[in-house]
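A structural walkthrough
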Amino acid sequence: MEIYNSRKKEYKSEISAVCENEKVLFRIILPRGLQCSAAFLAVHKDCESTVYYSMFWAGMHGEDSEIWQLHFSAETYGLYFYHFEIDTPQGRNFIKNTGSGIGEITCGGGDFQQTVYESGFETPDFLKGGIIYQIFPDRFYNSGEKKHGVPAGRVIRNWGEEPFWNESQMGGIWNNDYFGGDLKGIEQKLDYLSALGVSCIYLNPVFEANSNHRYDVADYEKIDMLLGDEESFKSLCRSAEKHGIAVVLDGVFSHTGCDSKYFNLYSHYPGVGAANSKDSPYYEWYKFNVYPSDYESWWGIKLLPEIDETNESFRKYICGENGILRKWLRLGASGWRLDVADELPDVFLDDLRMAVKAEKKDAVIIGEVWEDASNKISYSERRRYLLGRQLDSVMNYPFARAILDFVRFGGADAFFDRVMIVIENYPKRCLDILMNHIGTHDTERALNSLAGESADGRSRQWQHEHNVLDARQYKRGVHMLKIASLMQFTLPGVPSIYYADETGATGMADPFNRACFDWENIDKELLTWYQGLGKIRRGLPAFKDGEFQIEYSENNVLAYSRNSAHNKVLVAINNSPACAQIAISDKWHGAECLLGSAAKDCSISLAGGEFSLLSLRC
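Rules used throughout
- Residues numbered from 1 in each chain as written.
- Predicted model: local features only at pLDDT ≥ 70, side-chain atom pairs only at ≥ 80, totals over all residues.
- Heavy atoms only, no water.
- Pairing = 2+ DSSP bridges.
- Helix = DSSP H or I, 4+ residues; strand = E, 2+ residues; numbered from the N terminus.
- Axes fitted to C-alpha atoms, helices over the stretch in contact; angles between N-to-C directions.
- Contact = heavy atoms within 4.5 Å.
- Disulfide = S-S within 2.5 Å.
- Buried < 20%, exposed > 50% of the residue type's maximum accessible area, 1.4 Å probe, protein only.
- Left-handed = near helix turned anticlockwise from the far one by under 90°.
- Parallel < 35°, antiparallel > 145°, perpendicular 65-115°, else oblique.
- Nonpolar A, V, L, I, M, F, W, Y, C, P; charged D, E, K, R; others polar.
- Core = buried A, V, L, I, M, F, W, Y, C linked by side-chain atoms within 4.5 Å.
- Phe/Tyr/Trp six-rings, centres within 6.5 Å; stacked < 30°, edge-to-face > 60°.

Further remarks concern the sheet that holds strand β3 (residues 24–31). Strand pairing within a sheet occurs via backbone hydrogen bonds; the two strands may be parallel or antiparallel. Read across the open sheet, the three strands follow the order β3-β7-β6; overall the sheet is antiparallel. Two strands bound the open sheet, and with one partner strand each, they are β3 and β6 (56–61). Going from strand to strand, the sheet's axes swing by 30 degrees on average, the running direction of each strand aside.

Our focus in this paragraph is the sheet that holds strand β27 (residues 494–498). Within the open sheet, the eight strands sit side by side as β25-β22-β21-β18-β15-β12-β27-β26. Their pairing is parallel. Sheet topology places β25 (393–394) and β26 (435–437) at the edges, where each strand pairs with a single neighbour. Inspection of the sheet shows strand β12 (residues 132–135) paired to strand β15 (residues 200–203) by four bridges, in the parallel sense. Within the sheet, the bridge partner assigned to Tyr 133 lies in β15 and is Ile 201. The strands touched by helix α13 (residues 471–490) within the sheet are β26 and β27, with β27 carrying the most contacts at an inclination of about 140 degrees.

Glancing now at the state of the cysteines. A full pass over the atoms with the stated rule returns zero disulfides. Of the cysteine sulfurs around Cys 579, a residue in no disulfide, the closest is that of Cys 593, at 17 Å. Its relative accessible area of 69% is what places Cys 579 among the exposed residues.

This paragraph deals with the packing of helix α8 (residues 397–409) against α13. Running from N to C, α8 and α13 cross one another at 145 degrees; their axes reach a closest spacing of 10 Å. Seen from above, α8 lies across α13 with right-handed handedness. For the pair formed by α8 and α13, the contact residues are Ile 403, Phe 406, Val 407 and Arg 408 on the first element and Met 480, Ile 483, Ala 484, Met 487 and Gln 488 on the second.

Closest axis-to-axis distance for the α13/helix α14 (residues 524–539) pair is 11 Å, and the angle between their directions is 15 degrees. If you check the angle between α13 and α14, you find them roughly parallel. The two elements α13 and α14 meet at a crossing, and its hand is right-handed. Along its contact with α13, which presents Val 478, Leu 481, Lys 482, Ser 485, Leu 486 and Phe 489, the element α14 presents Glu 525, Leu 526, Trp 529, Tyr 530, Leu 533, Gly 534 and Arg 537. A class-by-class count of the residues in the contact of α13 with α14 yields eight nonpolar, two polar and three charged.

Another point: the nonpolar core. Counting residues in each nonpolar core, the largest one holds 142 residues, and the members touching the most others are Tyr 133, Tyr 220, Phe 253 and Trp 336. Ranked by residues supplied to this core, first place goes to α13 with eight residues. Here Phe 253 is in contact with Tyr 220, Ile 307, Glu 309, Phe 314, Ile 318, Leu 325, Trp 336, Leu 338, Leu 344, Phe 348 and Leu 352, once residues within four sequence places are set aside. Counting residues in hydrophobic clusters, the runner-up holds 26 residues, among them Ile 3, Tyr 11, Phe 84 and Ile 86.

What the rule picks out here adds up to 52 aromatic pairs. Centre to centre, the rings of Tyr 4 and Tyr 82 are 6.2 Å apart; their planes meet at 85 degrees, and the pair counts as edge-to-face. With Tyr 4 in strand β1 (residues 4–5) and Tyr 82 in strand β8 (residues 78–88), the pair connects residues that are 78 residues apart, well separated along the chain. Take Tyr 4: its relative accessible area is 0%, and that puts it in the buried class.

And the structure:
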């Protein structure tokens, strides 16, 4: 019998973040032989002193164990850490976290975490149970409409050619090749996205910029001329809404381009930029060490001068009543994904949330955070992204790594441990709309991550030579991608497909992962698989907000369920070469088998590499 397990409701009534003043029952089960005379819950709010709460004896647990428990609630939101202490004839003993949520009597170990969010914190419902589709706009689809006002220096390529990847190709100007994908092209493919079950499009930056990735913003007020114009954006949003699809924009507020109307290093813009004069209205936005040539820049890249987001003028420009955030929401956007959210200060994020929610209450705010967003520390400060005044959701890199590592290397227990950390630490309202990707514009393509060699530490020359998987790797990768996407589509949160992954796209890291969508060479088997996952996901209520429960975990074999009031779903995966017999509860008797093998006699039999998905209507 375990003394304490933060991931089991018999020990802790809420396995998630909780609201201010929400009572949580904590229970420890002690061997009678310890002769415990007193027990305490020791709690400290982040950076504050420890407070001790007396637990009471609550009866026997079997013949040899006893229960001590209490109800605890926090009056203010924040991050709390706790452990237990007990008095015995041998003295004071400490029950601490020894890993995977298990509390043991130990001289080492650490504290458990309890996240407490602000009362009144709500997140949008429109993402729940849906599917996100991420689009790198220049490379998705070219409508064929003529482009006007294209600046000199932009190299227009033929659709499908390999992106420029070395300096000699670019003539010394990085990321200057374009393929002509545009907003009208996305609009023309809405039927395709609808057939995938997509409910939300996340667009990489669309504002005027001087690189094909457009993370070097030149003008927040304008759509880049190669993508279209304001009318093109409004038309896309209107058409998408008719298909039941929302549009989320990428907000790059940590830095701008040096070649922008705000900084204007090369005087390409008619106004006076920060680099042109200290009298510029934008001068105070930037961090000059020695004016004008020495300034702070994002990761030391001089093309990307850093912004001081605490500056009142900048905050008003972005977050004001007629600021950038509200302008594009009024024109049809349904939310913002925030680039490098951990580099945006609290005062800016607070203003941003107030502006977004004032304009459109159900708009979503998704932050780019690569670690556990509940306890992230950046620039020596504990961040409060998910406590109620900043983000609704984050890009779920912990789940992405857990999925990819399990499919590549196995390890069911390790997978569940990583998943449960997020489930324990995040508010349920955030968990249900996490952006669950397994590949983005910042990572290798999913197929390469699964079946290819790692690009980590490799040169672009090496990546160029290993960019395309051979036939054996590709076949193996497709099978692995089916398992990975099955997990991605069935875990808490919202699956996010990186454009063309569903059709078999391969590619190493940037820029190889940003190639054109090859509409002439679609892996129809893989596309059909993704379309089927979309129908299953959109058709089952459990995927909107169903509770997650571990059903089976042994070596490389696992099973988990999602449970809501009207529907229960079970996913079982055998990620080993040998056959596996997975024991499950008899409650799954008679469940509909949607994928793989059905349950029989309280078990599921799976051959090596096989999987199963069962659905039960309640």
